[in-house]
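Okay, here's what each chain looks like letter by letter:
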Amino acid sequence: VQLQACGGGLVQAGGSLRLSCVASGRTFSAYDMAWFRRAPGKEREFVGRIRWSGADTSYADSVKDRFTISRDNAKNTLYLQMSSLKPEDTAVYYCAASGPPYSLTWRKPNGYHYWGQGTQVTVSS
């Protein structure tokens, strides 16, 4: 599956932004999907995951209650709604797809088979 992330940009602290990730090539609805991010000088870190059905989501503690991950399987699109943004949210954000079979290490980058190219999010103070 090919993934194309978009929607990044520059936003002030406290603001909101919505990222999208459009999938093509295979049955999007069969994949667990996730967002990761990489801040300058840091490792790629888990942001959130949504199961293939959309029925189950999980988040990193650093974004819980501020970010919401969702998907529209009819549109082959994954979303990340980000609110109450902080300067420490500045990073390149990546979407990723896994399975089937579905990974048990879904909080880690090596749990995903396919990656989008990343979209830059910059939060100014």
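That block above? That's the structure.
If you're wondering where the values come from, they're calculated on a predicted model, not measured in any experiment.

Rules used in this analysis
- The residue count restarts for each chain, going from 1 along the sequence in the order it is written.
- With pLDDT at 70 or above as the cut-off, local features in this predicted model cover only qualifying residues; side-chain atom pairs require 80 or more to be listed or tallied, and sums for whole chains, interfaces and linings still use all residues.
- As a rule here, side-chain values cover all heavy atoms of the structure and leave hydrogens and water aside.
- The working definition used for a salt bridge is a side-chain nitrogen of Lys or Arg within 4 Å of a carboxyl oxygen of Asp or Glu.
- Only protein chains enter the accessibility calculation, which uses a 1.4 Å probe; a residue whose area is less than 20% of its type maximum is buried, one above 50% is exposed, and one in between is partly exposed.
- When DSSP finds two or more bridges between two strands, those strands count as paired.
- The numbering of helices and of strands both runs from the N terminus, where a helix is a DSSP run of H or I of at least 4 residues and a strand a run of E of at least 2.
- To get an axis, fit a line to the C-alpha atoms, keeping to the stretch in contact for a helix; angles then go from 0 to 180 degrees between the N-to-C directions.

**Points about the pattern of salt bridges**
Inspection of every chain in the model, using the stated rule, returns 7 salt bridges. Measuring nitrogen to oxygen at the nearest pair gives 2.6 Å for the salt bridge that ties arginine 37 to glutamate 45. The partly exposed category is assigned to glutamate 45, whose relative accessible area is 34%. Across the pair arginine 49 and aspartate 56 runs a salt bridge whose closest N-O atoms are separated by 3.7 Å. On the accessibility criterion, arginine 49 (5% relative accessible area) is buried. Members of the salt-bridge network, linked through shared partners, are Asp32, Arg49, Arg51 and Asp56.

**Quick word on the sheet that holds strand S3 (residues 17–24)**
Strand order in the open sheet formed by 4 strands is S1-S3-S8-S7, and the pairing between neighbours is antiparallel. The sheet terminates laterally at strand S1 (2–6) and strand S7 (67–72), the two strands that pair on one side only. Recorded for the sheet is a direction-independent mean angle of 15° between the axes of neighbouring strands. One ladder, built from 6 bridges, connects S3 with strand S8 (residues 77–82); its direction is antiparallel. Note on S8: the bridge partner recorded for valine 22 is threonine 77.

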